[in-house]
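A closer look at the structure
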Amino acid sequence: MPKYVILTEGRLGPLTSKTGNALLRYRPDEVVAILDSTHAGKTAESVLGYGGPVPVVATLDEALALGPDTLLIGIAPTGGRLPESWQALLMRALRADLDIVSGLHTMLCGNPSLSRLAFERGRKMTDLRACPPELEVVSKGTYRQRTVPTVLTVGADCNIGKMTALLNLERSLVARGVRSTFVGTGQTGILLSGRGIAVDAVV
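Cut-off values and rules
Residues numbered from 1 in each chain as written. Predicted model: local features only at pLDDT ≥ 70, side-chain atom pairs only at ≥ 80, totals over all residues. Heavy atoms only, no water. Helix = DSSP H or I, 4+ residues; strand = E, 2+ residues; numbered from the N terminus. Buried < 20%, exposed > 50% of the residue type's maximum accessible area, 1.4 Å probe, protein only. Core = buried A, V, L, I, M, F, W, Y, C linked by side-chain atoms within 4.5 Å. Contact = heavy atoms within 4.5 Å. Pairing = 2+ DSSP bridges. Axes fitted to C-alpha atoms, helices over the stretch in contact; angles between N-to-C directions. Phe/Tyr/Trp six-rings, centres within 6.5 Å; stacked < 30°, edge-to-face > 60°. Lys NZ or Arg CZ within 6 Å of the ring centre and 35° of its normal.

A look at unusual backbone geometry
In the Ramachandran plot, D97 falls in the positive-phi region, its phi being about 65° despite a non-glycine side chain. Inspection of the secondary structure assignment puts D97 in the loop between α4 (87-95) and β5 (99-102). Taking relative accessible area as the criterion, D97 reaches 33% and is therefore assigned partly exposed.

As structure tokens, then:
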């Protein structure tokens, strides 16, 4: 089980750090700290209303003292770009032997400096929005042949609760003994389920 430090520097909040927030809501036992100097000294619970006693710390050194092995970029900014000021911090995280997980549109594996350092340190960088190069968007009407009931949520905005509704539906089904699997269509769902395709990254 990974031990995450969630990077949200200056953006920890209900709508601005939704990738990290979902991990705190559904898998809080995997989070050792949140890195955000603007809320340092508080807890996830006191800032977000959930996440329990996960501490918010001001520096990477404070987070490292809590024993993480992975840094998660926990924000979902408009445009999905990596803040330039964060590159140095990500380099420090790699030098501290942390893996990095990102749901941004900016592909960390395409960053020469980060990729080189990750290779040298033997660390793994995961871009949740990366899609297989051979992926094609072709409607084949396969729903007519499917035997597994499928529930799809769609919406006109990315922050209205589609994923949350389905994750809670899945929990309820599993509790009733119904075999059920959640498949993510965005970076946060893929983080939680370990499967899916980020549809907003498919050309």
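Here the narrative resumes, following the displayed structure.
A short note on the nonpolar core
A general tendency of soluble globular proteins is for nonpolar side chains to be buried together. Counting residues in each nonpolar core, the largest one holds 25 residues, and the members touching the most others are L71, I73, L90 and L108. Elements supplying a minimum of two residues to this core: β1 (4-7), β2 (31-35), α3 (60-64), β4 (70-73), α4 and α5 (112-121). No other element matches α4, which puts 4 residues into this core. Excluding residues within four positions of it along the chain, I73 makes contact with L7, T19, L82, W86, L90, V101, S102, L104 and L108. Counting 24 residues, the second largest nonpolar core, distinct from the first, contains L23, A44, L48 and L191.

Structural notes on the sheet that holds β4
Pairing is parallel in the open sheet, where 6 strands are placed in the order β3-β2-β1-β4-β5-β6. Because the sheet does not close on itself, it has two edges, and the strands there are β3 (56-57) and β6 (125-127). Looking at chain direction, β1 and β2 are connected through 4 bridges and run parallel. Across the sheet, Y4 pairs through a bridge with V31, a residue of β2. Sheet contacts for α4: β1, β2, β4, β5 and β6; angle to β4, the most-contacted strand, approximately 160°.

Some remarks on the packing of aromatic side chains
Evaluation of the coordinates by the stated rule reveals 0 aromatic pairs. Positioned above the aromatic ring of Y50, the side-chain terminus of R25 is 4.1 Å from the ring centre.

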